[in-house]
Structures are given as structure tokens and as C-alpha cells.
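In case you want the letters, here they are:
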Amino acid sequence: MKIVIVSSEVVPFAKTGGLADVCGALPEALKNIGSDTCVFMPKYREVNNYFKKNNILPKSPCPGLFTFEIKGVNFYFIEHNDYFDRDGLYGTAMGDYPDNAQRFGFFCKRTLEYLKQIGFKPDIIHCHDWQAALAITYLKNNSKHDSFFKKTKTVLTIHNLAYQGLFDKSEMPKIELNDNLFNIEGLEFYWKVNLLKGGIVFSDLITTVSPTYAKEIQTKEFGCGLEGLLFSRNQKLKGVINGLDYFLWNPEKDSLIYKKFSIKKINDKYENKVGLQKEVGLKVSKDIPLFGIVTRLAEQKGVDIISEAMEIMCNKDLQLVILGTGDIKYHQILEGIAKKHKNFVLLLKFDNRLAHDIYAASDFFLMPSRYEPCGLGQMISLKYGSLPLVSKTGGLADTIIDIDDNSVKGNGMLLKDYSKKSLLEVVDRSLDLYTHTKSLHKVINVAMNNDFSWEESAREYQKLFKALLK
Ligand code: ADP
């Protein structure tokens, strides 16, 4: 089966979030189970920097297209320096780039053209999020008579329904969308053009990144205005949980952490705690429970209830490290609290090395998301023996079992509901667990033995793709 993955961010070349992790790992996992898979993404400044830093000279099969192979998967990069040789993938601290519709419209259009030029005739075009969704709309409209794609089926994966790619109607001719698509059956969404909606309307299959989120997005609470459309398409809407790339995230082999460790050598985990405490200026002690958070500072991630609960948390006998960037409002609120409490360290940046260190060093990992399509943080923290304390939503509900609900399989704790009170309750429960060393180590053992590798998820995708091609 020939599969092309179309995504606006892919690890290790350019990343702002989990989308990049997925599109970096899924292609190899699909290849490993027998599919011929390639990936298309824009050639951002960040990609150029990656090539320079690693002394890579990508090949250029045709003008404007560059390629580089990793483990048998060809990654293709579409060049347009005016569009992509910029700071940031989607914008700057000042906001999104105003020409994002044109930037990603160009990316999608050129992806289809280049596939023909390189002679890769896909059985499946697998597009991720609104930035790639236009490839589906183009294929089913602008290129519908193109014999090259006659047998190609399209799949849209929604990583986060809150980001839909909404633009003014005046953008339509600039991205070669015919006016006749601007209606309720097409891309219109409350007088705007909605690029994700186009993907939902025209794709042969819609997937999202966990079974629970697939159900949630058909409801008013989580549907972001598209719940009706998704409900009407629920026969072709499936949830496939993301895997975790254990090549990148493995405490036994991780060269970014202070000391490698495993279940058998769990005491070495605490060297990481000491290392982090020293590095960020916390009191050095293996005995104080350390809570970690690695996140975008966005309301989705529960930063509002974290902020509300912070003062009370900081007055407890614990340490807290937050690594994140995002909403300026939360930068300011958290900075204010961090100034007052020595046991709380705030690191306002995106730093992959520090993220690894925090997963390795923490005893508990807080992820009280308001909603969570899948979430990688909880899976990473499980692998690093940092017990996840999470909301019962989306992928968190599909991966974390409360130790009070199941004493054998329990691998973390679930908030009763989305509130400061429930957050503080799980913090208290975890502090209690921390004092019971034997029980704590039993749960750490379960957590570190959980397996969310990509192979299972890739097989699930393959099964769905095969069914489409029948
Ligand atoms: P989302 O994609 O919604 O941001 P996920 O949990 O699916 O959330 O994935 C987030 C990924 O980004 C994880 O790999 C996490 O470790 C990483 N990450 C988030 N914030 C930071 C940060 N400030 N520094 C380094 N890595 C980060």
C-alpha cells in the first residue's frame, strides 16, 4: 500500500506540539508493517536550521522540492522562501501570520503536483489537521478528473478540533477555491471559510487521535461548532490512539537525562531528581515529592485551574516545576506565584532537553486538561515512572486508569471533574501515596510497563486504510 502523509510539522524537522511527534513516528511504523510511506511538509527556516546543524545536504528531485531519507522513509520538503523561511511555523508572539491560508494552500497544492512529478501514486493521502486538509478539498474538487489520483482515497486526522483554519471569504480565490464551495454543505462556517471543515466534508475517512475524543467531538461541549457535521459523518469517524516513539522516549537509553534508569534500576531515577533540583535551583532532596508539568500554557491544558490551585499547592511540602510557553496571561499569573514560592520553578520556554529531564526527575506529572484529543505527556511520563495525574477526558481517559478504580492495572490518578478542588484532591492523594513507598513502587512498576508503542496504532490505521481500498 502506498501512503503519503501530509503534515505541517514533523519530528525531527519542525515541531510545536504532538502533531509533529505523530507525523514523525507513524510513517516509520507504517513502513515497518509493509507500507510504502512518504511524508510531505513545508521547508521552514527551522527545517533549514536542522539541516545545517546536522550537516545534511538534502537531495532535490525537482525544482523547489527537497528530500531526505530516515530509516527507509522519504521526507519531502516544499520550498517557498517567502512563505516558509520565517521565524515560527504559524506565526510569532504577535499572532498568526495573516497569509496562513495562502501559505498552507500553496503547500497542499504543491504536494499534489509534486506527487505526480516524482511518480508516487498514493493509495492513501493521509492529511493531518487544517493545514493539510486543503489537499483533500483540492483533490475532490480541483483535481477530481485527474486520472493520476483516480484510485486514491483520502483520510483526515484531526489532532485538535479547536484549530480549524478559519479565514475571511476573500481568501478563497487566492487559494484557488471556487465560490461554489462557499455554502453550508461545503466550507462555509458562520460567514467564514473553514479549511478543516473542507477536509471533514470531502474525506473518505476521518480519524481522530483517541476513541473517547472521537465520541466527545460529536457533542456540543467538545464539538467546537462542528459537532452536527461530525455526528452526521459518524459512520466514517474513527478514533485511533497515538503511539509513543520509544526510540525518542526511553529512560534506559535517553542521553538527554542526568542518569539513565529502568524499572530494575529505579534508584537511578532519583539521580535525575537531584540533577534537576540543582539545575533549576530547588532544594536538593530525594525525599520531597516533585511534581512536573510540561505543556503549552493554554486553557486547554488546564492552566486556569492550575493557576487557581497554585498558592495552596505551593504551601504544601512538595516541589513543582513547570516548563511551558503560550498565553501571555498565564506567563504573568504563574510568574507572580513563582516569585513568592521557593518550591516552585517556572521555565517559560520550549526546551526539549529540559522536558526530558522533567519527565525523568518528577514523581508525579500533572496534566489536568480541559479536553485532550490524545495527549503524549501522560504516555511519556508513564514510561519515565512519573505518575500521571490527569482529567478524565479524551486520550487521557483512554490511557490512564485510576489506582483507586483498579488496584492491578492502575497507573495514575484521575480528577473527579474539571475543577481546582478535584485537582487539589489528586495532589493530596498523590502526597499520601508518596509516603507509602511499597504501594508507590508498585504503581511505578505498572506505569513503566505500559506499552503504547506505535506498532499497535499503525496496525489500526492500516486496517482502516485497507477497508477503504476494498
Ligand atoms: P499538544 O500537542 O496538545 O501540545 P501533547 O501532550 O499531545 O500536547 O504533546 C506535547 C508534546 O510537546 C510533548 O512531547 C511535550 O513533551 C512537548 N512539549 C510541550 N511543551 C513543551 C516545552 N515547553 N518544552 C519542550 N517540550 C514541550
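Placed above this text is the structure.
One structure accompanies this document, and this report is about it. (Residues numbered from 1 in each chain as written. Predicted model: local features only at pLDDT ≥ 70, side-chain atom pairs only at ≥ 80, totals over all residues. Heavy atoms only, no water.)

## Here we look at the sheet that holds strand β12 (residues 192–194)
Worth spelling out the cut-off: Here, strands pair whenever DSSP counts at least two bridges between them. Helix and strand assignments come from DSSP, with helices taken as H or I runs of at least 4 residues and strands as E runs of at least 2, each series counted from the N terminus. Residues count as neighbours in contact if any of their non-hydrogen atoms are within 4.5 Å of one another. Fitted lines through C-alpha atoms give the axes, limited to the stretch in contact for helices. The angle between two N-to-C directions lies from 0 to 180 degrees.
Spatial strand order, β10-β12-β11: three strands in an open sheet with antiparallel pairing. Edge strands, defined here as strands with exactly one partner in the open sheet, are β10 (166–167) and β11 (188–189). Pairing analysis gives two bridges linking β10 to β12, with the strands arranged antiparallel. Looking at β12, one finds that Phe167 is bridged to Val193. Together, β10, β11 and β12 form the strand contacts of helix α6 (residues 195–202), whose direction differs from that of β12 by roughly 50°.

## Looking at α6
To be explicit about the condition: Using a 1.4 Å probe on the protein chains alone, a residue whose accessible area is under 20% of its type maximum counts as buried, one over 50% counts as exposed, and one in between counts as partly exposed. N or O atoms within 3.5 Å of each other form a polar contact, as long as, within protein, one can give a hydrogen and the other can take it, and as long as residues adjacent in sequence are counted only when both atoms are side-chain atoms.
With eight of eight residues buried, α6 is to be regarded as a mostly interior element. Along α6, the residues that are buried comprise Leu195, Leu196, Lys197, Gly198, Gly199, Ile200, Val201 and Phe202. The backbone nitrogen of Leu196 lies 3.1 Å from a side-chain oxygen of the residue at the head of α6, namely Asn194.

## Some thoughts on the side chain of Lys43
With respect to the helices and strands, the residue Lys43 is situated in the loop between β2 (36–42) and α2 (45–53). Only 3.0 Å separates the side chain of Lys43 from the side chain of Asn48, close enough to count as a polar contact. Within the local environment of Lys43, its side chain forms a polar contact with the side chain of Glu79, the two groups lying 3.1 Å apart. Apart from the residues within four sequence positions on either side, Lys43 is in contact with Asn48, Phe51, Phe66, Phe77, Ile78, Glu79 and Phe84.

## Here we look at the site of the ligand
Heads up, the rule is: Any residue with a non-hydrogen atom lying within 4 Å of a molecule or strand is treated as near it. In the scheme used here, Gly and all other residues not listed as nonpolar or charged are polar, with Ala, Val, Leu, Ile, Met, Phe, Trp, Tyr, Cys and Pro taken as nonpolar and Asp, Glu, Lys and Arg as charged.
In the vicinity of the ligand lie 22 residues, with Gly18, Arg296, Lys301, Lys349 and Tyr359 positioned nearest. Take Gly18: an N or O atom from its main chain is 2.6 Å from an oxygen atom of the ligand. Asp351 has a polar backbone atom sitting 3.0 Å from a nitrogen atom of the ligand. Those elements that provide at least two residues to the shell around the ligand are α1 (18–32), β15 (290–297), β16 (319–326), α12 (352–361) and α13 (377–383). Residues belonging to the shell around the ligand are distributed by class as follows: nine nonpolar, seven polar and six charged.

## Focus: helix α17 (residues 454–469)
Note the following rule: Here the expected length of a helix is defined as 1.5 Å per residue gap, with one fewer gap than residues. The directions considered for the arc are those from the helix axis to the C-beta atoms.
The terminal C-alpha atoms of α17 lie 22 Å apart, and with 16 residues this matches the ideal 22 Å at 1.5 Å per residue to within 8%. Residues Trp454, Ser457, Ala458, Tyr461, Gln462, Leu464, Phe465 and Leu468 constitute the buried set of α17. One side of α17 holds all its buried residues, which, seen down the axis, span an arc of 165°. In α17, the exposed positions that point more than 90 degrees away from the buried face belong to Glu456 and Lys463. Looking at the buried residues of α17, the elements they touch are β1 (2–6), α1, β8 (124–128), β9 (153–158), β13 (205–208) and β14 (237–239).

## Remarks on the packing of helix α10 (residues 303–314) against helix α11 (residues 328–340)
Applicable threshold: Here the angle decides the label: under 35 degrees means roughly parallel, over 145 means roughly antiparallel, 65 to 115 means roughly perpendicular, and every other value means oblique.
Close contact between α10 and α11 brings their axes to 11 Å; oriented N to C, the two are set at 5°. Between α10 and α11, the interaxial angle falls into the category roughly parallel. Here Val303, Asp304, Ser307, Met310, Glu311 and Cys314 of α10 come into contact with α11, specifically with Tyr330, Ile333, Leu334, Ile337 and Lys340. Partitioned by chemical class, the residues of the contact of α10 with α11 number seven nonpolar, one polar and three charged.

So far we have only geometry, and geometry alone does not tell us how the molecule works.
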